[in-house]
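The lines below spell out each chain.
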Amino acid sequence: MEFFCYHRDRPGSAALREELLEAHWSYMDRYAAELIARGPTFAAGGDTPTGSVHIADLPDAGAARAFAFDEPNHQAGVYRDVLLRRWRNLLGRTMWQFPGGPSGGNRYLVLGFGAGEGVDLEPPSDRDELVAYGPLLSDDGEAWLGTAALLRAPDPQAARAVLSADRYAAVEVHEWEFGGRR
């Protein structure tokens, strides 16, 4: 089962986040085979961390909750909240298979939140700019709750355009970069 996890940073937690960097990476190393994508989000300008994205293929919801809530930054209070949803990998690849590679260009996390009849259930035609793409789903995997995309785009407005206009209750666009050990 695939899960999308977005830990949002607590304001003022950047120093603690930096202090725990090795512990975070060591924890994620344990999940290397399960990770589809990962990486930090940033405030506009790319200097201040605002969160951490992890998309993982895990055995079940209990394993996903353990993954999200046992994470060292979460345990230490770096994060203010956690978005954890079932997800479906519509690209069928990991971020390490992204044709554009780990650097170059602007990268974004786009989260669209909704309910009811699902939209954007197929990836856009220009898949080469998509790092990861899929629906956010209810715990049982049946109800559509939104869409999550990681992508390369020239600017936040172009990134936002990956989702249908006016079909979501809310859309967030965050600067994002490939995560992991450098």
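The text that follows walks through the structure, step by step, so that each part is easy to find. Keep in mind the model is a prediction, meaning the values are calculated, not measured.

Looking at the pairing of strand β3 (residues 49-57)
In terms of strand pairing, strand β1 (residues 2-9) meets β3 through seven bridges, oriented antiparallel. Within the sheet, the bridge partner assigned to E2 lies in β3 and is D57. As paired strands, strand β2 (residues 35-42) and β3 are joined by seven bridges and run antiparallel to one another. Along β3, the bridge assignment pairs F42 with P49. Between β2 and β3, which pair antiparallel one after the other, the connecting turn spans six residues, and G45 there sits at a positive phi close to 105 degrees.

Side note on the side chain of R93
Tracing the backbone through its elements, the reader meets R93 in the loop between β4 (79-87) and β5 (106-113). Within the buried set, R93 has no salt-bridge partner at all; the shortest N-O distance to an opposite charge, 5.1 Å, is to D128.

Re the nonpolar core
Residues F4, I55 and L150 are the most contacted members of the largest nonpolar core, which totals 19 residues. Looking at this core, the elements that each hand over two or more residues are β1, β2, β3, β4, β5, β6 (130-137) and β7 (144-153). Looking at which element gives the most residues to this core, the answer is β6, with three residues. Listed in part, the 14 residues of the second largest apolar core include L91, L130, Y133 and W144.

As for the side chain of D9
Within the secondary structure, D9 sits in strand β1. With relative accessibility at 8%, the residue D9 sits in the buried group. Of the polar contacts made by the side chain of D9, one reaches the side chain of R17; its length is 2.8 Å. Filtering out sequence-adjacent residues up to four positions away, D9 remains in contact with R17, P49, T50, G51, V78, Y79 and R80.

Quick notes on the packing of aromatic side chains
Scanning all chains against the criterion turns up six aromatic pairs. Here the aromatic rings of Y27 and F67 are separated by 6.3 Å at their centres, their planes lie at 35 degrees, and the arrangement is tilted. Separated by 40 residues along the polypeptide, Y27 in helix α2 (residues 21-29) and F67 in helix α3 (residues 61-69) bring together distant segments of the chain. What makes F67 buried here is its relative accessible area of 2%. When the centroid spacing of 4.7 Å and the interplanar angle of 85 degrees are considered together, the rings of Y31 and F67 count as edge-to-face. Of the two residues, Y31 is situated in the loop between α2 and β2 and F67 in helix α3; the sequence distance between them amounts to 36 residues. Each member of the pair, Y31 as well as F67, is classed as buried. A connected cluster of aromatic rings, assembled from ring pairs, spans Y27, Y31 and F67.

Conventions and cut-offs
- Residues numbered from 1 in each chain as written.
- Predicted model: local features only at pLDDT ≥ 70, side-chain atom pairs only at ≥ 80, totals over all residues.
- Heavy atoms only, no water.
- Pairing = 2+ DSSP bridges.
- Helix = DSSP H or I, 4+ residues; strand = E, 2+ residues; numbered from the N terminus.
- Buried < 20%, exposed > 50% of the residue type's maximum accessible area, 1.4 Å probe, protein only.
- Lys, Arg positive; Asp, Glu negative; His and termini not counted.
- Salt bridge = Lys/Arg side-chain N within 4 Å of Asp/Glu carboxyl O.
- Core = buried A, V, L, I, M, F, W, Y, C linked by side-chain atoms within 4.5 Å.
- Polar contact = N/O pair within 3.5 Å; in protein donor to acceptor, adjacent residues only side chain to side chain.
- Contact = heavy atoms within 4.5 Å.
- Phe/Tyr/Trp six-rings, centres within 6.5 Å; stacked < 30°, edge-to-face > 60°.

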